[in-house]
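The primary structure of each chain is shown beneath.
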2 protein chains.
Amino acid sequence: MEKGLLFVVSAPAGCGKDTILEQLFKTAENVGYSVSATSRAPREGEIDGVHYHFRTREQFEQMIKNEEVLEYTEYCGNYYGTPRKAVEDMLNAGKDVILKIEVEGAMNIKRLFPECCLVFILPPSMHELERRLRKRGTETEEKIIERTAQAREELKFAENYDYLIVNGELEKAVDDLRSVISAEKLRKSRRMPLLQALRNE
Amino acid sequence: MEKGLLFVVSAPAGCGKDTILEQLFKTAENVGYSVSATSRAPREGEIDGVHYHFRTREQFEQMIKNEEVLEYTEYCGNYYGTPRKAVEDMLNAGKDVILKIEVEGAMNIKRLFPECCLVFILPPSMHELERRLRKRGTETEEKIIERTAQAREELKFAENYDYLIVNGELEKAVDDLRSVISAEKLRKSRRMPLLQALRNE
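Conventions adopted
Position labels on residues start from 1 in each chain and follow its written sequence. Both sets of labels track the order of writing: A upward for chains, 1 upward for ligands. Local features in a predicted model are, by the rule used here, given only for residues with pLDDT of at least 70; side-chain atom pairs are given and counted only at 80 or more, and totals for whole chains, interfaces and linings are based on all residues. Hydrogens are left out, water is left out, and the side-chain values use all remaining heavy atoms of the structure. For the purposes of this entry, the term helix denotes a DSSP run of H or I that reaches at least four residues, the term strand denotes a run of E that reaches at least two, and both are numbered from the N terminus. When checking whether two residues touch, look at their non-hydrogen atoms; a contact exists if any pair is within 4.5 Å. Here, expected helix span is obtained from the residue count minus one, scaled by 1.5 Å. Here, a strand pair is defined by DSSP locating no fewer than two bridges between the strands. Every axis in this analysis is a line fitted to C-alpha atoms, fitted for helices over the stretch in contact. Angles between the N-to-C directions lie between 0 and 180 degrees. In superposing the copies, a least-squares fit is computed on C-alpha atoms, taking residues whose pLDDT is at least 70 in both. Summed over both partners, the accessible surface that disappears when two parts come together, traced with a 1.4 Å probe, is what is meant by buried area. Each salt bridge in this description consists of a side-chain nitrogen of Lys or Arg and a carboxyl oxygen of Asp or Glu lying within 4 Å of one another. Throughout this description, a polar contact denotes any pair of N or O atoms lying within 3.5 Å of each other; where both atoms belong to protein, one of them has to be capable of donating a hydrogen while the other can accept it, and for residues adjacent in sequence the pair is counted only when both atoms sit in side chains.

Its location among the elements puts Asp176(B) in helix H7 (residues 170-184). Excluding anything up to four places from it in sequence, Asp176(B) contacts Leu186(A) and Ile165(B).

Turning to helix H6 (residues 141-155) of chain A, a few remarks are in order. With 15 residues, H6(A) ought to run about 21 Å at 1.5 Å a step, and its terminal C-alpha atoms sit 21 Å apart, in line with that. Of the surrounding elements, those touching the buried residues of H6(A) are strand S5 (69-75), helix H4 (103-112), strand S8 (117-122) and helix H5 (126-136) of chain A together with helix H8 (192-200) of chain B.

Looking now at the sheet that holds strand S5 (residues 69-75) of chain B. Residue and element names in this part refer to chain B. Within the open sheet, the four strands sit side by side as S4-S3-S6-S5. Their pairing is mixed. Taken across any chain shown, the strands that pair with only one partner, and hence form the sheet edges, are strand S4 (53-54) and S5. Summarising the sheet, strand S3 (residues 37-38) and strand S6 (residues 78-83) pair through two bridges and their orientation is antiparallel. Bridging from a neighbouring strand, Ala37 pairs with Gly81 of S6. Helix-sheet contacts for helix H2 (residues 57-65) involve S3, S5 and S6, and the interaxial angle to S6 is about 40 degrees.

Turning next to the relation of the copies chain A and chain B. The transform that puts chain A on chain B rotates by 180 degrees and translates by 0.0 Å along the axis, for an RMSD of 0.0 Å. Taken together, the rotation and translation relating the two chain copies correspond to the operation of a two-fold axis. In terms of proximity to the rotation axis, the leading residue of chain A is Ser179(A), whose C-alpha is 2.2 Å off the axis. Most of the interface of chain A is mirrored in chain B, where 100% of its interface residues are also at the interface.

Across the boundary between the two partners, chain A contributes 33 residues, which contact 33 residues of chain B. Interface area for chain A against chain B, summed over the two sides, is near 2900 Å², with a carbon-plus-sulfur share of 58%. When the buried area of chain A at its contact with chain B is split by residue, Leu164(A), Leu186(A) and Leu198(A) rank highest and sum to 20% of it. Here Glu159(A) and Arg199(B) are joined by a salt bridge, their closest N and O atoms 2.9 Å apart. Across the chain A-chain B interface, the total number found is 22 residue pairs in polar contact (both at pLDDT 80 or more). Elements with a minimum of two residues in the side of chain A that touches chain B: H5, H6, strand S9 (163-166), helix H7 (170-184) and helix H8 (192-200) of chain A. A total of six residues in the side of chain A that touches chain B trace back to one element, the largest contributor, which is H7(A).

This is the structure in structure tokens:
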């Protein structure tokens, strides 16, 4: 069986990547989602095993020791990582997989899976990003300033990505991501077996 | 204004590229189509200026002399070429342009416009391709054999293309082409000005 394709989606906090992915999964066929593990505290409404696998620092460090995470990184004082087995199982079953991870994790995944496809979600403007962070109302002013500065740092990584999608209008951003997933599977480099089969006919 | 993007669509005869493009243009926004010029005789139902600009050999040779074609080639004994002015005008007006040209013409366009995007339409199988050519009923048996052999030759060029789309089911093939056009415009290499603007904000 042909292996699935690995997609990595990154975005600064407040760019709406969670909502985009939620919308995408309502209609996406044969695309699996890998839930990341984190040692950060759940935000209101976040469910363990759905938004993240929430673990204590000690539990997370044990996972690292046991090589149960594909990659991990520390971000704003918390661990974030990708559980290995779930991803490998889906890819081997021919399912495409989307990982939602921050920029350094994405670079690590690219090194592990050079054929993966990296997608970066951009805000329409930095001003709009700050406005969205404020609107959330879940963060202190100090955290908002920290996250805006962090966003600027993360933007530096955007040029290492394959695709840049602007989340100005949600429906358009979801469509764009859908197009990227469809098109990427049509790229010549990924379709050589099919071409070979036609030629041998 | 940002220039439009140039797409080249090629396919062996009988792969349904005309129908795919027809369907695409019913819904595509801001995508222009460049009508090729040819010295071959119109087939039943083909309209001058819509399917092709039909010209005599002498007229076509005059266009070549006047540098009015961007590229041209001879295929099955007839000239096929891309009128220069229409394409350049659309691109300069920020419109994406689709050229429907055969493989050698496509390679010439790639040399002239290295940033263009090449799409190859494949039949689901060689057997199915032959069946479709026969079904047309517009060609002699000799021509059908010639075109099938020609298709095998053209398939050799497919690996120089960026995307390979199989026309098994028409609606799926149209969707695939639509995804390619959308996604290609989201590629990082084409979005650096946008990223730069965000960083300078």
